[in-house]
Amino acid sequence: MNVSKPRYYDDFHCLAGSCPDSCCKEWDVDVDEASAANYRSLPGPLGDRLRQVLQDSDGGTVMTIEEGRCPMWRPDGLCRIQAELGEQALCRVCRQFPRLRHDYGSFAELGLELSCPEAARLILSEAKGETVRFDDGHPPEEGCDQEALAILLETREKALSLLDRADNPGDGLTLLLLYGFQAQEQLDGGEEEEFSPAEALKTAAALKREPDIPGFLDYFKHLEILTEQWKKLLNQPHSPSLPPQTRNLARYLTERYWLQAVSDYDLVCRVKFIVISCLLVGLLGGNFTRTAQLFSKEIENDADNVDAILDAAYEVRAFADDRLLGMLQMGKGD
């Protein structure tokens, strides 16, 4: 099977005890069936402790957090399981994080989760999105609509080009939003049409409307919130800003979510999710990389939050296209 990955993928190395955050904080860890059985069979103090903290539910087995952190997280920031049994003993989630794999039948794409601080640094500091391709030796599989996937691959390349070639991140996201509607028409069976960035920016200027920033932020205050830091950021916003790193964030989100429209043929809600996410990170201020990483931890790593935003893209007044265009013009960066 053909597999692609960003150039920085292999540069990732866990910071372990030096990490400014931790994937062992705030989250219940999903433990796969084989690992759970292994943990429960272990002798001695480690086995006793694991049997105490593993909890079964309808969705599977989790390692329940205690005082905001995984009970296997040691004071030195390292994992007790890995320290005593080796990396191979980690459950699947802990072995893989922050690595991602999206399978599309005939090919697969690898990536990193923005919610990891070191992965966020790599993603947001990459000068130019470069991709490495290789064959992993496995046969292709069937499953996805290959005709729709071909259209999504083609339109994603055009979308990424628009982001990269725009004069500033605000214009790039404006073009992405408007092109998303044209790409949706193509996905729906329409003919491919020429897309003029210059004309699109004129259209955006004519359509833009005063943004509803309080309503925009209020929506996120009512989603599930994991950390007090996120709650604080939502209650102390800055003026809309789209600094240069916004291009990297938009590229990461486009690469991650655009092709997922093959599952339900709804591309527009995902394009709006990308735009809304970039606007949110810029609006919350602070260190851009840290804010983007926290956004990912709070939003991307919570499937319910992602699904809620995809639906809200069509329903929430503050997320209306004309109001998003207004915010993008306010937050233009260089």
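Draft legend 1. Inspection of the overall build of the protein chain at higher detail. Summing up its helical and strand segments, the protein chain has 15 helices and seven strands in all. Expected size for 334 residues packed as a compact globule is a radius of gyration near 20 Å; at 21 Å, the protein chain falls within 12% of this value. Looking at the protein chain residue by residue over its 334 residues, the buried ones come to 51%. Taking as baseline every contact in the protein chain between residues at least 6 positions apart, the subset at least 24 positions apart corresponds to 76%. When the accessible surface of the protein chain is totalled, it reaches about 16100 Å², and 48% of it is carbon and sulfur.

Draft legend 2. Highlighting the sheet that holds strand E2 (residues 29–31). Strand order across the open sheet formed by three strands is E2-E4-E3, with antiparallel pairing between neighbours. Looking at strand neighbours, the two that pair on one side only are E2 and strand E3 (54–57), the edges of this open sheet. The sheet shows a mean angle of 40 degrees between the axes of neighbouring strands, taken without regard to direction. Relative to strand E4 (residues 60–63), E2 runs antiparallel, the two sharing three bridges. Bridge assignment links Val31 to a residue of E4, and that residue is Thr61.

Draft legend 3. Geometry of unusual backbone geometry. Cis geometry is found at the peptide bond from Phe97 to Pro98, where omega equals 5 degrees. Considering the arrangement of structural elements, one finds Pro98 in the loop between helix H4 (92–96) and strand E5 (99–103). The backbone phi angle of Glu67 is positive, close to 55 degrees, even though this residue is not glycine. Mapped onto the secondary structure, Glu67 falls in the loop between E4 and helix H3 (80–85). Backbone geometry places Tyr265, a non-glycine residue, at a positive phi of 65 degrees. Within the element layout of this structure, Tyr265 appears in the loop between helix H11 (246–257) and helix H12 (268–284).

Draft legend 4. Spatial organisation of the packing of aromatic side chains. A full pass over the atoms with the stated rule returns nine aromatic pairs. Geometrically, the ring pair formed by Tyr219 and Phe220 is edge-to-face, given 5.5 Å between the ring centres and 85 degrees between the ring planes. In this structure, Tyr219 and Phe220 share a single accessibility class: buried. Between Tyr257 and Phe273 the ring centres are 5.1 Å apart and the planes differ by 65 degrees, which places this aromatic pair in the edge-to-face class.

Draft legend 5. Spotlight on the pairing of E3. Two strands pair when backbone bridges link them, and E3 and E4 are joined in this way by four bridges, in the antiparallel orientation. Following the sheet pairing, Leu54 is matched in E4 by Met63. Following E3, the chain reverses through two residues before pairing antiparallel with E4.

Draft legend 6. Fine view of the side chain of Thr61. For Thr61, the position within the fold is in strand E4. Separated by 2.6 Å, the side chains of Thr61 and Asp56 make a polar contact. Each residue touching Thr61, except ones within four places of it in the same chain, is listed here: Val29, Asp30, Val31, Ala36, Arg40, Leu54, Gln55 and Asp56.

Draft legend 7. Broad picture of the environment of Glu157. Relative to the assigned elements, Glu157 resides in helix H6 (residues 146–165). Relative accessible area serves as the criterion here: at 47%, Glu157 is assigned to the partly exposed category. Separated by 98 residues in the primary sequence, Glu157 and Glu255 place their C-alpha atoms 9.2 Å from one another.

Draft legend 8. Representation of helix H1 (residues 33–41). Within H1, the full set of buried residues consists of Ser35, Ala36 and Tyr39. For H1, the angular spread of buried residues about the axis comes to 100 degrees, placing them on one side. Across H1 from its buried face, at more than 90 degrees, point the exposed residues Glu33, Ala34 and Ser41. Of the surrounding elements, those touching the buried residues of H1 are E2, helix H2 (44–53), E3, E4, H3 and H4.

Draft legend 9. Up close: the nonpolar core. Core analysis: the largest hydrophobic core is formed by 86 residues, its most contacted members being Phe216, Phe220 and Trp258. Among the elements that line this core, the one with the most residues is H12, at 12 residues. Once residues lying within four places of it in the same chain are set aside, the contact partners of Phe220 are Ile225, Leu234, Ile276, Leu280, Ile299, Ile309 and Phe319. Among the nonpolar cores identified, the runner-up in size contains 19 residues, and Cys24, Tyr39, Cys79 and Ala89 belong to it.

Parameters at a glance
- Residues numbered from 1 in each chain as written.
- Predicted model: local features only at pLDDT ≥ 70, side-chain atom pairs only at ≥ 80, totals over all residues.
- Heavy atoms only, no water.
- Helix = DSSP H or I, 4+ residues; strand = E, 2+ residues; numbered from the N terminus.
- Rg over C-alpha atoms; globule rule 2.2 N^0.38 Å.
- Buried < 20%, exposed > 50% of the residue type's maximum accessible area, 1.4 Å probe, protein only.
- Contact = heavy atoms within 4.5 Å.
- Areas by Shrake-Rupley, 256 points an atom, 1.4 Å probe, with all protein chains shown as cover.
- Pairing = 2+ DSSP bridges.
- Axes fitted to C-alpha atoms, helices over the stretch in contact; angles between N-to-C directions.
- Phe/Tyr/Trp six-rings, centres within 6.5 Å; stacked < 30°, edge-to-face > 60°.
- Polar contact = N/O pair within 3.5 Å; in protein donor to acceptor, adjacent residues only side chain to side chain.
- Arc of directions from axis to C-beta.
- Core = buried A, V, L, I, M, F, W, Y, C linked by side-chain atoms within 4.5 Å.

Keep in mind that these numbers describe shape and distance, not what the molecule does.
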